[in-house]
Structure formats: structure tokens, C-alpha cells
Amino acid sequence: MTCRRRTLAGAFAASAFLLGAAGAGAQTPIKVGFMLPYTGTYAALGSAIENGFRLYVAEQGGKLGGRGLEYFKVDDESDPSKAVDNINKLIKRDNVDVVVGTVHSGVVMAMAKVAKDTNTLLIIPNAGAEAVTGPMCAPNIFRSSFSNWQPGYAMGKVAGSRGAKKVATITWKYAAGDESVQGFKDGLKSSGGEVVKELTLPFPNVEFQALLTEIAATKPDAVYAFFAGGGAVKFVKDYAAAGLNKTIPLYGPGFLTDGTLEAQGAAARGMLTTLHYADGLAVPRDKVFRSDYARMFKSVPDVYAVQGYDAAQMLGVGLAAVQGDVKKRNELVAAIEKTPIDSPRGAFTLSKSHNPVQDIYLRKVVGTENRVEGVAVKALADPGTGCPM
Ligand code: PHB
């Protein structure tokens, strides 16, 4: 009897051990692949995105949907010609469950195609290329940031309402610049102005002198510029050094002054920009985010950090709905689609094509801050998002 009892007890212990082992198997970490620029003009943007992502995960005790995370990283160098090889390193070599990337619109177009072909979950924490949440939209592709059109459109409305009738634009010649300028034109037109000169230079060149001379000769009412990262620092400084900021207001999407103000110094003083994030927002979630970020990284977060943080939130929403079972893709996707994201920028929802519908703020540079002045456009959706999913 005693012996039999022992045997049963032993059997129970053994099966409990096996169950435990199976449970532990289900608890292996989710593999997250960061494909971001860690070198070049957008390097600081890539790091801020990764920081924001890691911060949200840390706030959740290191787990999303009950599972830990394991990270893999590729430096995409903001180089579209290397994009397919780079994303395949994460998908084929590292076998990641989700790719988080990237910053550059040209790179993300190649990534989106691979993600679509391989049905890999992709969360875009910056690049605003309209195609990926337009004609290329797919159930497995989400964006936590913006479409290039959105901040541009808001700035166009603001510039027109401030009396700019004839405006010159300047940008790097690639999808982000082109689409940002198109958004600006649409907004400007709706408030009574027009673009009279469009200047471009190849990405990531920063030889602005000849173009600044052309702006001076054109004498527009205002200039709209799309640059970001290291290029934005140099452009704003060169614009001021040429004395143009004294006579011709320089406007832009907030990328022109986000994460760059320490380096731009007095050259950026008083500039007005539009973006889905700002300093001084009365958003409770932002207060927590900023103090946690400062504690973890000893620096002040910018819009890129917010977008990384929200990419992690979106993944977290999806994983929570499937208790970490990433294979339950349909349920995971449905949860992300329908759950408003409690972002430091203020809550946002996703359009049918998975792009944020969000308030765009007007900001003014005061010291080293992009102080919020108000909402330029409320709950702005990307108009080009008729997604046939
Ligand atoms: C883009 O390429 O889509 C892009 C890059 C940097 C920004 C914004 C957009 O700050």
C-alpha cells in the first residue's frame, strides 16, 4: 500500500515536472529584432527609439504578455540598398518573432516588402513612408509614429494662417522629404498660400550653401524644411549663420528641432514647428514617461523615444491578448487594431491601415525645449490610407 502510494506520488511528481517543462517552453523569450540606424545622420534617432522601447518593457517588469524579451540588433545605416539583406539577418538568421524598424523611409519600403512576403510582424517606430500604410498595407505591418504627410500638412495650415503667401521648400530628395513637402503644400493651399520654389539635395548631404543663396535671392515669405538628426542640426545653424532667420521665418515638421536643440543652440531660438509630440504637454502618462526615461537614461526623451515606447506598448497589447502566444497572429493583430494607445503624446487610435490618428501640436523653441503652443490639427488621419485589407 505504502509502496503503491509512493509510486502514485512519484508519477504525479514526474508529470508535474513534465508540465512544468512544457510551461517553461512556452515561456521562452519573445525575440525582438531592432533594425535601426546606429551610425550616420540618423544614429541618435535609432538609439532613442531603442531606449524608449526598452523603457516600456522595463516598466512592465521586463515582460510582455507574460514573456521575457530577447533582443537582436542590426545597424541599417539608413541605406536602402542594404535593407533586404539586413532584415533577412533578423528574420532568417536570428529567427525573430517581430521586427521593430526603422527610421528612414527608403529603408522601410524594402523592409515592408520582405515583411509582407514572409508574414513577419513589423512595427515601424518612425519612417513615415506613405506606401507602407497605403498601397503596401498588410495585417502584419503597424506604425507607432506618423505618416510623412501628417506633420507637414499641419505646418502648412499654420504657415498660411500666419500670413505666408509664397513659400520656398528645401529637403533631402527622397520619399520622406517629398511626402512631407506634399503635406505642407496641401495645408498651405487650404489656408491661402502656395509653394513658389522647391529645393532639394541628395540624402544625407549637408552642403547647403548654394541652396541658401538661392533662398535669399527668391525672398519668400517663409521657408519649410524637412531634415532630421545631424542634418537638421547643420541646416538650422547654417540658416542662422547666413542671417536668413532674421528676415525669413524657418518652419518645419518638428523633426527639424527634436533631439537637436542642445546642438543647435541660439540658431533655433523661437522656431515654430508642428509634430505629434512636444515639451510641456499636460498628459499624465507623459510625466511618468519623462521621469522614468530620465532615471534610466540620464537624458531627456524626444519624439523618437516616444515612438519606440509606443511600439513596445503596441506589441504589449497584442501579446497580452494572446497570453504571449505569438503564433495566434489573428487575435494579436485584432487586439492592436482596436486598442487605443495611452501614449506620452496623448492617446491615439490606429487607422484601418495601421497608422496613428493623432493630434498634431504647434511648438515653439524656448531654450532647449519645443514648448507646446497648442493643437495645430486635432485627430489628424492620413488621407491616403484607403487600405484594402
Ligand atoms: C523618414 O525617412 O521617414 C524620416 C526620417 C527621419 C525623421 C522623419 C522621417 O525624423
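Refer to the structure presented above.
The probe, sized like a water molecule, is rolled over the atoms to show the empty space still left. What the rule picks out here adds up to one cavity of 30 Å³ or more. Size it by volume and the largest cavity reaches roughly 90 Å³. For the largest cavity, the lining is made up of 16 residues, of which Val-103, Asn-126, Phe-146, Tyr-174 and Phe-226 are closest to its centre. A class-by-class count of the residues in the lining of the largest cavity yields 11 nonpolar, five polar and no charged.

The next thing to look at is the packing of helix 11 (residues 303-321) against helix 12 (residues 329-338). Two elements in contact, helix 11 and helix 12, have axes separated by 8 Å at closest approach and are oriented at 130 degrees. Comparing the axis directions of helix 11 and helix 12 gives the class oblique. The way helix 11 lies across helix 12 gives a crossing that is right-handed. Two secondary-structure elements touch here, helix 11 through Met-314, Val-317, Gly-318, Leu-319 and Ala-321 and helix 12 through Glu-331, Leu-332, Ala-335 and Ile-336. Here the residues of the contact of helix 11 with helix 12 are counted per class, giving seven nonpolar, one polar and one charged.

Right, let's talk about the site of the ligand for a bit. Of all residues adjacent to the ligand, which total 16 residues, the nearest are Val-103, Ser-105, Gly-128, Tyr-174 and Tyr-304. At 3.4 Å from an oxygen atom of the ligand is found a main-chain nitrogen or oxygen belonging to Val-103. Between the ligand and Tyr-174 there is a distance of 2.5 Å, counted from an oxygen atom to a side-chain nitrogen or oxygen. Within the complex, the protein chains bury 100% of what would otherwise be the 280 Å² of accessible surface of the ligand. Most atoms of the ligand, that is more than half of them, are within 2 Å of grid points of the largest cavity. Looking at the shell around the ligand, its residues break down into 11 nonpolar, five polar and no charged.

Turning our attention to the packing of helix 10 (residues 284-297) against helix 11. The contact between helix 10 and helix 11 brings their axes to 12 Å, and the two run at 105 degrees. When the axis of helix 10 is compared with that of helix 11, the two are roughly perpendicular. Contacts between helix 10 and helix 11 involve Arg-285, Phe-289 and Tyr-293 on the former and, on the latter, Ala-305, Val-306, Tyr-309 and Gln-313. Taken together, the residues of the contact of helix 10 with helix 11 sort by class into five nonpolar, one polar and one charged.

The subject of this paragraph is unusual backbone geometry. At the junction of Gly-101 and Thr-102, the peptide bond is cis and its omega measures out at 0 degrees in the coordinates. Checked against the element boundaries, Thr-102 lands in the loop between strand 4 (98-100) and helix 4 (105-118). Each neighbour pair has its own omega, and for Phe-203 with Pro-204 the value is 0 degrees, a cis peptide bond. Residue position: Pro-204 is located in the loop between strand 8 (194-201) and helix 7 (209-218). Phi is positive for Asn-119, close to 55 degrees, though the residue is something other than glycine. Within the chain, Ala-379 stands out as a residue other than glycine whose phi angle is a positive 40 degrees.

So, on to the layout of surface pockets. In this structure, the largest pocket occupies an estimated 410 Å³ of space. Forming the walls of the largest pocket are 22 residues, and the residues nearest its centre are Gly-259, Val-300, Pro-301, Asp-302 and Thr-368. Those elements that provide at least two residues to the lining of the largest pocket are helix 2 (43-59), helix 9 (261-264), helix 10 and strand 14 (369-380). Ranked by residues supplied to the lining of the largest pocket, first place goes to helix 9 with three residues. Its residues placed into classes, the lining of the largest pocket shows eight nonpolar, seven polar and seven charged.

What counts, and where the lines are drawn
Residues numbered from 1 in each chain as written. Predicted model: local features only at pLDDT ≥ 70, side-chain atom pairs only at ≥ 80, totals over all residues. Heavy atoms only, no water. 1 Å grid on protein atoms, 1.4 Å probe; cavity = no way out; pocket = protein on both sides within 12 Å on 5 of 7 lines; lining within 4 Å. Points joined across faces, edges and corners; volume = space filled by probe spheres on them. Nonpolar A, V, L, I, M, F, W, Y, C, P; charged D, E, K, R; others polar. Axes fitted to C-alpha atoms, helices over the stretch in contact; angles between N-to-C directions. Helix = DSSP H or I, 4+ residues; strand = E, 2+ residues; numbered from the N terminus. Parallel < 35°, antiparallel > 145°, perpendicular 65-115°, else oblique. Left-handed = near helix turned anticlockwise from the far one by under 90°. Contact = heavy atoms within 4.5 Å. Near = heavy atom within 4 Å. Polar contact = N/O pair within 3.5 Å; in protein donor to acceptor, adjacent residues only side chain to side chain. Areas by Shrake-Rupley, 256 points an atom, 1.4 Å probe, with all protein chains shown as cover. Sits in = over half its atoms within 2 Å of the grid points.

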